[in-house]
Amino acid sequence: MDKRKFLKVSAIAATGLMIHPFYSCQPSTKEKEPNNKEKQPSLRNEAFVLPSLSFPVEALEPNIDKMTMEIHHGKHHAGYVKKLNKAVENTSFAQMPLLDIMEKVTPEDTGVRNNGGGHYNHSLFWDVIAPNQNGQAEGKLLDAINEAFQSFDEFKNVFSQAAKTRFGSGWAWLSLDDAGKLFVSSTPNQDNPLMKNIVEQKGTPILGIDVWEHAYYLNYQNRRGDYIQNFFNVIDWKKVAANFANALK
Ligand code: MN3
């Protein structure tokens, strides 16, 4: 084979479009030796598990009802965990911690993308909601919100609008970008701002709202706007502030 023809065949093979006995014996791109300059992922020894809620399922009523919490946590989130454990089997994700998976997952890793995102997103969601909240960010987090959005009320408007206008199923986020600035974004399905190979606006989420219908339909039916408004009654701003402090490190 002359050099030009060899290069052409190699280029086609690299796209994965060419099936040939020679190439089929080679390790897939997922299994190839990682680039030494790339950060090595740390390892995880155990299967992913459903995190417990830190409050009783009825504790968020009337903002989020008991049955929605039971089904959302006990069925939907549990389902993502189960399917994630299955999806990572025999892949390069098998022993990776969740945060490394979020960083490395690509659009083609459908099962890991949907269920890994589902596990991460819901774990964050349960962590930033709680009963008996005062509804207000404070301290350095409030300063950062004021800097990015001019005021706390304006942040609420921008965040609510992102949640309301997400077409179909998805999430709205408050995240910290690489430059240390807060921003609001929204993602479809179970994507999130950590998925740098997938999302447009990359960052570390510190607050997220689930706007899938399963998150509110039993209590609010089609009134997504009312659900979003009442979600502000259950945001645990101390937890969001802790996430903010961690993201700044
Ligand atoms: Mn959900």
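Above this text you will find the structure in question.
Residues numbered from 1 in each chain as written. Predicted model: local features only at pLDDT ≥ 70, side-chain atom pairs only at ≥ 80, totals over all residues. Heavy atoms only, no water.

(A) Just the packing of helix H7 (residues 152–165) against helix H9 (residues 224–231), in detail. For the pair H7 and H9, interaxial distance at closest approach is 10 Å and the crossing angle is 145°. When you trace H7 past H9, the crossing you get is right-handed. The segment H7 lies against H9, with Phe 159, Ser 160, Ala 163 and Lys 164 engaging Arg 224, Gly 225, Ile 228 and Phe 231. In terms of residue class, the contact of H7 with H9 is built from four nonpolar, two polar and two charged. (Axes fitted to C-alpha atoms, helices over the stretch in contact; angles between N-to-C directions. Helix = DSSP H or I, 4+ residues; strand = E, 2+ residues; numbered from the N terminus. Left-handed = near helix turned anticlockwise from the far one by under 90°. Contact = heavy atoms within 4.5 Å. Nonpolar A, V, L, I, M, F, W, Y, C, P; charged D, E, K, R; others polar.)

(B) Representation of the side chain of His 122 in the model. Locating His 122 in the fold gives a position in helix H5 (residues 110–127). Residue His 122 is classed as buried on the basis of its relative accessible area of 0%. Discounting chain neighbours no more than four positions away, the residues touching His 122 are His 72, His 77, Tyr 80, Trp 171, Gln 190, Asp 210 and His 214. (Buried < 20%, exposed > 50% of the residue type's maximum accessible area, 1.4 Å probe, protein only.)

(C) Broad picture of the coordination of the manganese ion. Looking at the metal site, the manganese ion is ligated by His 72 (NE2), His 122 (NE2), Asp 210 (OD) and His 214 (NE2), spaced 1.9 to 2.2 Å from it. Taken in chain order, the donor set of the manganese ion reads H-x49-H-x87-D-x3-H. Placement of His 72 in helix H3 (residues 66–88) and of Asp 210 in strand S3 (residues 204–210) is noted, with a sequence separation of 138 residues between them. Both residues of the pair, His 72 and Asp 210, count as buried. (Donors = N, O, S within 2.8 Å, 3.2 Å for Na, K, Ca; no water.)

(D) Spatial organisation of the sheet that holds strand S2 (residues 182–188). Spatially, the three strands line up as an open sheet ordered S2-S1-S3, and their pairing is antiparallel. Taken across any chain shown, the strands that pair with only one partner, and hence form the sheet edges, are S2 and S3. When strand polarity is set aside, the average angle formed by the axes of neighbouring strands in this sheet is 25°. Pairing of strand S1 (residues 170–176) with S3 involves six bridges; the strand directions are antiparallel. Note on S3: the bridge partner recorded for Trp 173 is Gly 208. (Pairing = 2+ DSSP bridges.)

(E) Quick look at the packing of aromatic side chains. Enumeration over the complete set of coordinates arrives at 13 aromatic pairs. Note on Phe 125 and Trp 171: the rings are 5.6 Å apart at their centroids and 90° apart in plane angle, and the pair reads as edge-to-face. Highlighted residues: Phe 125 in helix H5 and Trp 171 in strand S1, separated in sequence by 46 residues. Classification of Phe 125 as buried rests on a relative accessible area of 2%. Among the residues examined, Trp 171 registers a relative accessible area of 0% and is labelled buried. Their ring planes at 70° and their centres at 5.4 Å tell us that Phe 152 and Trp 237 sit as a pair that is edge-to-face. (Phe/Tyr/Trp six-rings, centres within 6.5 Å; stacked < 30°, edge-to-face > 60°.)

(F) Main features of the pairing of S2. Along S2, five of the seven residues are buried, which leaves the element largely enclosed by surrounding structure. Note that S1 and S2 share seven bridges and pair antiparallel. Along S2, the bridge assignment pairs Leu 174 with Val 184. The turn linking S1 back onto S2 is made up of five residues, and Gly 180 within it adopts a positive phi angle of 85°.

(G) Quick look at the pattern of salt bridges. Evaluation of the coordinates by the stated rule reveals five salt bridges. A salt bridge links Asp 226 to Arg 223; the shortest N-O distance between them is 3.1 Å. Judged by relative accessible area, which is 37%, Arg 223 ranks as partly exposed. (Salt bridge = Lys/Arg side-chain N within 4 Å of Asp/Glu carboxyl O.)

(H) Layout of the side chain of His 214. Structurally, the position occupied by His 214 is in the loop between S3 and helix H8 (217–220). In contact with His 214, not counting residues within four places along its chain, are Thr 68, His 72, His 76, Tyr 80 and His 122.

(I) Local environment of unusual backbone geometry. In this structure, the amide linkage connecting Glu 61 to the following residue, Pro 62, adopts the cis form with an omega of 5°. For Pro 62, the position within the fold is in the loop between helix H2 (21–24) and H3. Despite not being glycine, Gln 150 has its phi angle at roughly 75°, a positive value. When you line up the elements, Gln 150 lands in the loop between helix H6 (139–149) and H7. Here Asn 189, not a glycine, exhibits a phi torsion of approximately 55°, which is positive. Within the secondary structure layout, Asn 189 lies in the loop between S2 and S3.

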